[in-house]
Amino acid sequence: MKASLCENLAQSAGDLLLQQHLYLCLAESCTGGLLGNLITDIPGCSDYFLGGVQAYSYQTKTNLLSVKNETLEKH
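What this report covers is the structure whose coordinates are included nearby. (Residues numbered from 1 in each chain as written. Predicted model: local features only at pLDDT ≥ 70, side-chain atom pairs only at ≥ 80, totals over all residues. Heavy atoms only, no water.)

Our focus in this paragraph is the overall build of the protein. Looking only at helices and strands, the protein has four helices and two strands in total. Across the protein, helices and strands are ordered from the amino to the carboxyl terminus as α-β-α-β-α-α. In summary, the protein has a C-alpha radius of gyration of 14 Å against a globular reference of 11 Å for 75 residues, an excess of more than 25%. Seen through its C-alpha atoms, the protein measures out along the principal axes to roughly 35 × 30 × 15 Å. When burial is assessed residue by residue, the protein has 23% of its 75 residues classed as buried. Summing over all exposed atoms, the protein offers an accessible surface of approximately 5,700 Å²; the carbon and sulfur share of this is 56%. Across the protein, 4 positive and 7 negative side-chain charges occur, with their mean positions spaced 14 Å apart. (Helix = DSSP H or I, 4+ residues; strand = E, 2+ residues; numbered from the N terminus. Rg over C-alpha atoms; globule rule 2.2 N^0.38 Å. Buried < 20%, exposed > 50% of the residue type's maximum accessible area, 1.4 Å probe, protein only. Areas by Shrake-Rupley, 256 points an atom, 1.4 Å probe, with all protein chains shown as cover. Lys, Arg positive; Asp, Glu negative; His and termini not counted. Charge placed at Lys NZ, Arg CZ, Asp CG, Glu CD.)

Okay, structure coming up:
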C-alpha cells in the first residue's frame, strides 16, 4: 500500500509538472535518492525531470550545493 501511494504521488507530480510546463531538479540528503528513484521509475519522466544530487555530508552540501554552514548547524 505504501509503495503504491508513493508511486501515485510521483505520477501525479509528474503530470502536474507537464501540465504547467515546469521542470524538477532534486537535492536529496536523508532520503538518499529515494525521491529521484520514485520519479525515474515513471516512463517519460525525462520530459520534466532534469536530475538530482545526493549530498549527505555537510562538506558536500557546502561545496556542491553552496549551503551555508550556519544553515546546516541551525537546521
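We now examine unusual backbone geometry. Residue histidine 21 is not a glycine yet carries a positive backbone phi of 55°. With respect to the element layout, histidine 21 can be found in the loop between helix 1 (2–20) and strand 1 (24–28). In this structure histidine 21 comes out as exposed when scored by relative accessible area, which is 66%. One non-glycine residue, serine 66, adopts positive backbone phi at about 60°. Here serine 66 lies in the loop between helix 3 (58–65) and helix 4 (69–74).

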